[in-house]
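# Structure assessment
The lines below spell out each chain.
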Amino acid sequence: MRILLAGKNGQVGWELNRSLSKLGTVFAMGREDMDFSKPETLRPVIQDIRPDIIINAAAYTAVDKAESEPDLAMTINGIAPGVIAKEAKKIGATVIHYSTDYVFDGKATSPYNEENPTYPLSVYGNSKLAGEQAVTQAGIPHIIFRTSWVYSLRGGNFLTTIQKLAHTRKQIKVVDDQTGTPTSARAIAESTTHILGQGLNAGTTKSSIFSHPGIFHISCGGETNWFGFAKTILKLSGLSEDTEVTPIPTSEYPTLATRPKYSLLSNKKLKQVFHHEMPPWQDALQECLGSAPK
Ligand SMILES: NC(=O)c1ccc[n+]([C@@H]2O[C@H](COP(=O)([O-])OP(=O)(O)OC[C@H]3O[C@@H](n4cnc5c(N)ncnc54)[C@H](OP(=O)(O)O)[C@@H]3O)[C@@H](O)[C@H]2O)c1
């Protein structure tokens, strides 16, 4: 099995590079090998490697910056995945792609399922929705995993930001009126690998698990808000003694991009089709914090 992984240095990409190796030969690519801001240049790389599966973990993820760089965000998140999908079609490859809870407007009051109408509130959300549509419309075997609130011990994300702030501040203010589910990059990568592995073990990768192409929600179990997430990070990191976390409304922490107020994703379809259960978010956080810093 030849697996082309794009975005090997990102949170999810880095974890995928570790976990996918048990499934086959992984050709792991970073920005220097595949530049998504120049989508046409992706074609020869795919043709050279001729993978069976292309896993795209690369994305423009700077949610606020995207508001001032809409063209770049759309090229990387919306156009490049379409080029990849069209190239995959030529060689009969399957595409695994990732998307986001930010395709929703957050007006729901119960967890979003895959059929709920999308209505992104931000440039980032719009660009990711365009990527979903491009992959879907290519008419290839594919899975789009929509996930939420991704963190890891690597790079800049909510977890590492809160830990850093705890070392320099006595008080941190965090919004408590946005509901969602933190999801570790490792849980996403290991779940992706497990689901792909099910198909490989059955010897039917292309015909079996991909006979259910489409979008799947894949976030950890449970729900919280950013304030609750911050409190739990500090508690499990042994930092809650020195730092007080104060809840504030979103109106007191304005950002360039509007976030959905409620973005819980239902994993029901993931369970029904792949018989796969995601860990509760607190367990995944504990597992992440207990792992060696990367
Ligand atoms: N982060 C979240 O909270 C979140 C939430 C929901 C869904 N998602 C989705 O989950 C997937 C994985 O996200 P993540 O958190 O792992 O993202 P991440 O850590 O920001 O990693 C994104 C990767 O994309 C690469 N990249 C950016 N611009 C590129 C370009 N022009 N050409 C090639 N590569 C480029 C980055 O390369 P460099 O390392 O060189 O910068 C980075 O390695 C994405 O589809 C994202 O939209 C993320």
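The following refers to the structure shown. Treat the numbers as computed from the prediction; the structure is a model and nothing was measured. (Residues numbered from 1 in each chain as written. Predicted model: local features only at pLDDT ≥ 70, side-chain atom pairs only at ≥ 80, totals over all residues. Heavy atoms only, no water.)

### Some thoughts on the pattern of salt bridges
Operational definition: What counts as a salt bridge is simple: a side-chain nitrogen of Lys or Arg found within 4 Å of a carboxyl oxygen of Asp or Glu. The helix count covers DSSP runs of H or I at least four residues long, the strand count covers runs of E at least two residues long, and both are numbered beginning at the N terminus. The buried label goes to any residue with under 20% of its type's maximum accessible area, the exposed label to any with over 50%, and the partly exposed label to all in between, with areas taken from a 1.4 Å probe on protein chains only.
Applying the stated rule across the entire model yields 11 salt bridges. Taking the shortest distance from any N to any O, the salt bridge between Glu-40 and Arg-43 comes out at 2.7 Å. A salt bridge links Glu-132 to Arg-146, with the nearest nitrogen and oxygen atoms 2.7 Å apart. Of this pair, Glu-132 sits in helix H4 (residues 123-137) while Arg-146 sits in strand E5 (residues 142-147), placing them 14 residues apart in sequence. Note on Arg-146: relative accessible area 2%, which makes it buried.

### Thoughts on the state of the cysteines
Here is the rule: Whenever a pair of cysteine sulfur atoms sits within 2.5 Å, that pair is classed as a disulfide.
Under the defined criterion, the tally for this structure stands at zero disulfides. Distance from the sulfur of Cys-220, which forms no disulfide, to the nearest cysteine sulfur (Cys-288) is 10 Å. Cys-220 gets classed as buried once you look at its relative accessible area, which sits at 3%.

### Focus: the site of the ligand
Worth spelling out the cut-off: What makes a residue near a molecule or strand is one non-hydrogen atom of that residue sitting within 4 Å of it. Polar contact is defined as a pair of N or O atoms within 3.5 Å, subject to the rule that within protein one atom must be able to donate a hydrogen and the other to accept it, and that residues adjacent in sequence are counted only when both atoms are side-chain atoms. The Shrake-Rupley method, run with a 1.4 Å probe, gives the accessible areas here. Residue values count only the displayed protein chains as cover.
Close to the ligand lie 23 residues; Val-12, Phe-36, Thr-61, Tyr-124 and Lys-128 are nearest. Taking Asp-35, its side chain carries an N or O atom lying 3.2 Å from a nitrogen atom of the ligand. Burial of the ligand by the surrounding chains reaches 82%, relative to a free accessible area of 900 Å². The greatest single-element share of the shell around the ligand, amounting to three residues, is contributed by strand E4 (residues 94-100).

### Observations regarding the sheet that holds strand E3 (residues 53-56)
Under the convention used in this document: Strand pairing is assigned whenever DSSP identifies at least 2 bridges connecting the two strands. Note on definitions: angles span 0 to 180 degrees between N-to-C directions of axes, and those axes are lines fitted to C-alpha atoms, for helices only across the stretch in contact. Two residues form a contact once any of their heavy atoms are found within 4.5 Å.
Ordered by their spatial adjacency, six strands build an open sheet running E2-E1-E3-E4-E5-E10, and the pairing between neighbours is parallel. For this open sheet the edge positions go to strand E2 (25-29) and strand E10 (214-217), each flanked by a neighbour on one side alone. Taken over all neighbouring pairs, the strand axes of this sheet differ in orientation by 20° on average, direction set aside. Bridge count between E3 and E4: four bridges; the pairing is parallel. The residue of E4 that forms the bridge with Ile-55 is Ile-96. Helix H1 (residues 11-19) contacts strand E1 (2-6), E2, E3 and E4 of the sheet and is inclined by roughly 155° relative to E1. Contacts between H4 and the sheet are confined to E4, E5 and E10, with E4 contributing the most and set at about 160° to the helix.

### Notes on the packing of helix H7 (residues 226-236) against helix H9 (residues 281-290)
Selection criterion: Roughly parallel covers angles under 35 degrees, roughly antiparallel covers those over 145, roughly perpendicular covers 65 to 115, and oblique covers all other angles. Crossings are sorted by hand: turned counterclockwise from the far helix by less than a right angle, the near helix makes the crossing left-handed, and turned clockwise it makes it right-handed.
Interhelical geometry of H7 versus H9 gives an angle of 40° and a closest axis separation of 11 Å. On the basis of their axis angle, the class for H7 and H9 is oblique. Taken as a pair, H7 and H9 cross one another with a handedness that is right-handed. Where H7 abuts H9, its residues Gly-228, Phe-229, Thr-232, Ile-233 and Leu-236 lie against Trp-281, Gln-282, Leu-285, Gln-286 and Leu-289.

### A few points about the environment of Gly-222
Within the secondary structure layout, Gly-222 lies in the loop between E10 and strand E11 (224-225). Between the alpha carbons of Gly-222 and Ala-85 there is a distance of 33 Å; along the sequence they are 137 residues apart. Among all residues touching Gly-222, those that are not within four sequence positions of it are Thr-181, Leu-264 and Trp-281.

### A short note on helix H2 (residues 42-49)
Residue pairs spaced three or four apart in an α-helix point in one direction, given the helix's 3.6 residues per turn. Stated formally: Regarding the arc, it is the one traced by the directions from the helix axis to the C-beta atoms.
What H2 keeps buried is the set Leu-42, Val-45, Ile-46 and Ile-49. Within H2, the buried residues cover an arc of 95° as seen down the axis, which keeps them to one side. Lining the buried residues of H2 we find E1, E2, E3 and helix H3 (70-91).

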